[in-house]
Amino acid sequence: MSTATSKFIQSLPNAEQAIARLRELGMPRRNNELWSFFPVAKIPTPEFMGTDFATSPAANPAAPPTTAPAHSSSDEAVQKETDFAALLPIANLARPMIREIADGADEMAMLKCNNDFGHTVLEIGKNAKVSLEILDNKVTHDIAAERFDINVGENADVEIFFANPACDLPLRFRHFNINQAADANVRFSSICKDTAIGRVSVECHLKGEGANFDYRSLHVLDGEASQHSRLTIYHEAPRTTSTQLARNLLSGSARVSYDGSVIVGYDCTGVNSSQLVNTILMSEDASVSVKPVLKIYHDDVECTHGNTVGELDAEQMFYLVSRGIPKKAAQEMLMRSFAQETFLPLPDSPAKKRLMSSL
Amino acid sequence: MLSIKNLKASIEDGTQILKGINLEVKPGEVHAIMGPNGSGKSTLSKVIAGHPAYHVDGGSVELDGKNLLEMEINERANSGLFISTQYPTEIPGVNNVEFLKMALNSKRAFLGQPEMSDEDFKKLCEEKMNLLEMDERYRERGVNDGMSGGEKKRNEILQMAILDPKVSFLDETDSGLDIDALRIVANGINHIMSPEKAVILVTHYQRLLDYIKPTYVHVLRHGKIILSGGPELALKLEDQGYDWIEEA
């Protein structure tokens, strides 16, 4: 695995390259598709290595953009990087935590960053079985950003999950870059009850035939919470499959967006992909924005997407209350069942146990 | 016990479905309500239960002297009313046993009684499930989730058995039941029935009344009870249908 590891790790940008790329991209704007739903005005202009980002060449169109000298294999990769949140931890000198998991290993691990900016690199070997729980990082500032680069070997079975307690961190980004080899199976599951602004972005590349990616997220939000998901799944090999299920239970003035893209490449026959977003609005001021994108470059594929927005089912409410259960308790029962259904199809595992117990 | 006087109710568009129902139900009695489709039988049960799709235009429904129509839906149930609808609602994700326990303890809290312990509830549940010949799978399933019509009806009677209501209004409980299931469900209802309780059965067929002997049989048509009689009325309806009543 060491050769592959070095390739993979070497392809990641260094701080200098990340800063240069960030300056090229500029600050996120609403007219950028990646940030169309996000309250971009809340993102503070960063400072890198004592340099004010606002005075960078990108802020002055007359000056040529500064790019890192072409000196490493990461140049191509970093030039393709378009997500501000993905570059932010590296530009902030997050020291990468690199972990290799051997072929055939059976491991459970908990990942926790010790700083506001974290970068985790995981190289998971063939046939490995891995359960990864991501814990909240220790945060001391108004913004936190974490990046995870995960390379999954052939036929490996990986679950990645987080069900952190409600966090009031003003602004949090989490970016996942997942590459899957043939027959690799990844289940990504999360529960978010945060009270402030956050964004989880996932880029999943199904590179090997038969790879499968299963994404399940649940947002249970209240107050002024504003949480955003951006997911892009690249089907880059035949007979790859992906599932997206996002469920939202929104009260108060909570706001959620789901921007999910599925891209099926040429010659990728037998691809099967589904995307479903279900939202229950518990108040008039809560809102959800959903944008499904399907880019399909092959005929023999099956891709579906759906989106439902509604209130709690009136007949189910009536049924519970007509058995003597008070209205509030009945609402809670239905909300809990809606939430639990998100994760019920998961196989019995530490992830399922943890997620279900946190509901 | 249950006294319905001149009950009138309509749906959202203003169409009046119940046009003055009068019914007196005393402890120990079994009342069968029969009538053609669309006569208002199911509406009657839902209006009494407090379903929000119906508007009460007039009349009263009293249970032991208390006006049910002034109570919240859950208060009606906790006061001793049980309504089993024709098509029990499926609630995936809400565990059957947890739901039953929550319902029972809600009633106990309403009556000022302490919560039932897990152990006692388990025993009660087992006893009633045995009565209805239900297997253990019911415990793990969601409320009516994925159940056949017959299984749902049996599950409804299990709820009735556990909640121990004073008055049960069972809307077409016999529909969807095969011969064995009908016998089991009917035996369950007879077992739950006592001189202090009452049952109102809505049915289209005599076959349920072969198992549960009615004290009175009523014919509901066009939103009114147009004829009442003894058990022999059900046999006549089975034989001759409803047309003769209008002719009479």
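Residues numbered from 1 in each chain as written. Chains lettered and ligands numbered in written order. Predicted model: local features only at pLDDT ≥ 70, side-chain atom pairs only at ≥ 80, totals over all residues.

1. What to know about the overall build of chain B
The test is simple: The numbering of helices and of strands both runs from the N terminus, where a helix is a DSSP run of H or I of at least 4 residues and a strand a run of E of at least 2. The exposure label follows from counting other C-beta atoms within 10 Å of a residue's C-beta, where the C-beta atoms are placed from the backbone and the thresholds are 20 or more for buried and 12 or fewer for exposed, leaving partly exposed in between. Placing C-beta atoms from the backbone, we regard two residues as in contact once those atoms come within 7 Å.
Within chain B, the secondary structure is distributed over ten helices and twelve strands. Across its three principal axes, chain B shows a C-alpha extent of roughly 60 × 40 × 35 Å. The buried share of chain B, reckoned over its 248 residues, is 42%. Across chain B, contacts joining residues at least 24 apart in sequence account for 70% of those joining residues at least 6 apart.

2. A look at the interface of chain A and chain B
Here is the rule we go by: Note on residue categories: nonpolar means Ala, Val, Leu, Ile, Met, Phe, Trp, Tyr, Cys or Pro, charged means Asp, Glu, Lys or Arg, and polar means any other residue, Gly included.
On the side of chain B, 20 residues touch chain A, which itself brings 17 residues to the contact. Where the side of chain A that touches chain B is concerned, the elements lending two or more residues are helix H5 (314-321) and helix H6 (327-343) of chain A. A total of seven residues in the side of chain A that touches chain B trace back to one element, the largest contributor, which is H6(A). Its residues placed into classes, the side of chain A that touches chain B shows eight nonpolar, five polar and four charged.

3. Focus on the pairing of strand E12 (residues 212-221) of chain A
Residues and elements named next belong to chain A. The condition that has to hold: Should DSSP find at least two bridges between two strands, the strands are regarded as paired.
In terms of burial, E12 is largely enclosed, as eight of its ten residues are buried. Sheet topology places strand E10 (residues 185-192) next to E12; eight bridges connect them, and they run parallel. Residue pairing in the sheet places Ile191 in a bridge with Leu218 of E12.

4. Remarks on the environment of A:Ala351
All names here are of chain A. Counting through the fold element by element, Ala351 comes out in helix H7 (residues 350-357). Considering only alpha carbons, one finds Ala351 and Thr232, 119 residues apart in sequence, at a separation of 22 Å. Non-local contacts of Ala351, meaning those with residues more than four positions away in its chain, are made with Ser131, Glu159, Phe161, Arg187, Ser189 and Leu346.

5. Description of the packing of helix H6 (residues 149-163) of chain B against helix H7 (residues 179-192) of chain B
Residue and element names in this part refer to chain B. Put simply, the rule is: To get an axis, fit a line to the C-alpha atoms, keeping to the stretch in contact for a helix; angles then go from 0 to 180 degrees between the N-to-C directions. If an angle is under 35 degrees, it is roughly parallel; if it is over 145, roughly antiparallel; if it lies from 65 to 115, roughly perpendicular; otherwise it is oblique.
Across the interface, H6 lies against H7 with an axial gap of 10 Å and an inter-helix angle of 10 degrees. Of the possible angle classes, the one that applies to H6 and H7 is roughly parallel. Contacts between H6 and H7 involve Gly150, Lys153, Arg154, Ile157, Met160 and Ala161 on the former and, on the latter, Ala181, Val185, Gly188, Ile189 and Ile192. Residue composition of the contact of H6 with H7, grouped by class: seven nonpolar, two polar and two charged.

6. Quick look at the sheet that holds strand E16 (residues 271-281) of chain A
Residue and element names in this part refer to chain A. One open sheet holds the eight strands; their spatial order is E4-E6-E8-E10-E12-E14-E16-E18, and the pairing between them is parallel. Where the open sheet ends on each side, the last strands, each with one partner, are strand E4 (106-111) and strand E18 (301-310). Averaged over all neighbouring strand pairs, the angle between strand axes comes to 5 degrees, with direction disregarded. Note that strand E8 (residues 157-162) and E10 share six bridges and pair parallel. Its bridge partner lying in E10, Phe162 is registered against Ser190. Contacts between H6 and the sheet are confined to E10, E12, strand E14 (241-250) and E16, with E14 contributing the most and set at about 165 degrees to the helix.

7. Description of the nonpolar core
Applicable threshold: A set of buried Ala, Val, Leu, Ile, Met, Phe, Trp, Tyr and Cys residues, joined to one another through C-beta atoms within 7 Å, is what we call a nonpolar core.
If you look at the biggest cluster of nonpolar residues, it comprises 134 residues, and the most contacted ones within it are A:Ile124, A:Val152, B:Ile48 and B:Leu201. Apart from residues no more than four positions distant in its own chain, B:Leu201 is found in contact with B:Val30, B:Ala32, B:Leu170, B:Thr173, B:Leu208, B:Ile212 and B:Pro214. Grouped together as the second largest cluster of nonpolar side chains are 16 residues, A:Leu22, A:Ala86, A:Leu87 and A:Ala145 included.

8. Focus on the packing of H5(A) against H6(A)
Two quantities define a packed helix pair, namely the angle between the axes and the distance from one axis to the other. All names here are of chain A. Note the following rule: By definition, any crossing whose near helix is turned counterclockwise from its far helix by less than a right angle is left-handed, and any crossing with a clockwise turn is right-handed.
Packing of H5 against H6 brings their axes to within 9 Å, and their N-to-C directions diverge by 130 degrees. By the criterion of interaxial angle, the relationship of H5 to H6 is oblique. In terms of crossing hand, the pair formed by H5 and H6 is right-handed. Along its contact with H5, which presents Gln316, Met317, Leu320 and Val321, the element H6 presents Lys327, Ala330, Met333 and Leu334. Considered class by class, the residues forming the contact of H5 with H6 number six nonpolar, one polar and one charged.

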